[in-house]
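# What the coordinates show
What follows is each chain in one-letter form.
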Amino acid sequence: MIYGHRVNATKSVVWIASFLCSGNALAQSVDQSVDKEPAAVVELGGAPGWNLKDGVLSFGPTVAIEVTPIEDWLELEMGLTATFGHHSTEWSTDLLFKKPWTISEKVEFMFGFGPEWIHSREYGITTNSVGGEAVLDFMFWPSAKHRFGWYLEPNYDYNFGRGHEQSIGISGGLLIAIP
C-alpha cells in the first residue's frame, strides 16, 4: 500500500514538473515567434531592362516569391516577369539561389544566381530558350517586424538560345511578408 502511494506521488511530481516546464517552453516559443522570419516574402513590382546586343529597352510587371530554407545561408526565389518592347514580348521564369546578409534590422542584401526559362515573341516569331541570371538584391523594411517593405534588384541575364542575347535591368517594388 505504501509503495502505491509513492508511485502516485511520483506521478504527481512528474505531472507538475511537466506542466511547469511546458509553460516555460510555451512562453519561450511565443517570444521567439516575435523575431521569427516570415514563411515567405512576395515581391510585386516593375522590371525595366536593356538588351545589350541591340540596345532595345523593355518594361513589364514582375512577381516573385521567396523562401528561406537555411537561415542566413540560402534563400530561394521563384519569379515570373513579362516584358514588352517594340515589336516584342518576353515571359521569363527564374529560380534564383541567393546568399543573404543582414546589414541592419531594416536592410538586407543578397547575391544570387540561377537558371531561367525564356519564352519570347519578336516580329511574329516565337522562341523558347534557357538562360542564366545573376542578381544583387537590396531589401528595405520600414520596421523591424518585416511585414511590408520595398526592394531593388539589379540583374544580368544571359540567354543560351540563338543569338546569345545579354541584358541588364533593375526590378523594384513592394515586399509583402507572409507569416
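What this report covers is the structure whose coordinates are included nearby. (Residues numbered from 1 in each chain as written. Predicted model: local features only at pLDDT ≥ 70, side-chain atom pairs only at ≥ 80, totals over all residues. Heavy atoms only, no water.)

Our next topic: the packing of aromatic side chains. In total, this model carries five aromatic pairs according to the counting rule given. Ring centres of F111 and F113 lie 6.4 Å apart, and the angle between their planes is 45°; this geometry places the pair in the tilted category. Members of the aromatic cluster, joined through ring pairs, are W101, F109 and F138. We note K99 situated over the ring of W73; from NZ or CZ to the ring centre the distance is 4.5 Å. (Phe/Tyr/Trp six-rings, centres within 6.5 Å; stacked < 30°, edge-to-face > 60°. Lys NZ or Arg CZ within 6 Å of the ring centre and 35° of its normal.)

Structurally, the position occupied by G46 is in strand β1 (residues 40–46). Residue G46 is classed as buried on the basis of its relative accessible area, which comes to 17%. Residues G46 and F59 lie 13 residues apart in sequence; the distance between their C-alpha atoms is 7.2 Å. Beyond its immediate sequence surroundings of up to four residues, G46 is in contact with F59, G60, P61, T62, I170, S171 and G172. (Helix = DSSP H or I, 4+ residues; strand = E, 2+ residues; numbered from the N terminus. Buried < 20%, exposed > 50% of the residue type's maximum accessible area, 1.4 Å probe, protein only. Contact = heavy atoms within 4.5 Å.)

By themselves, these observations are geometric and do not establish any function.
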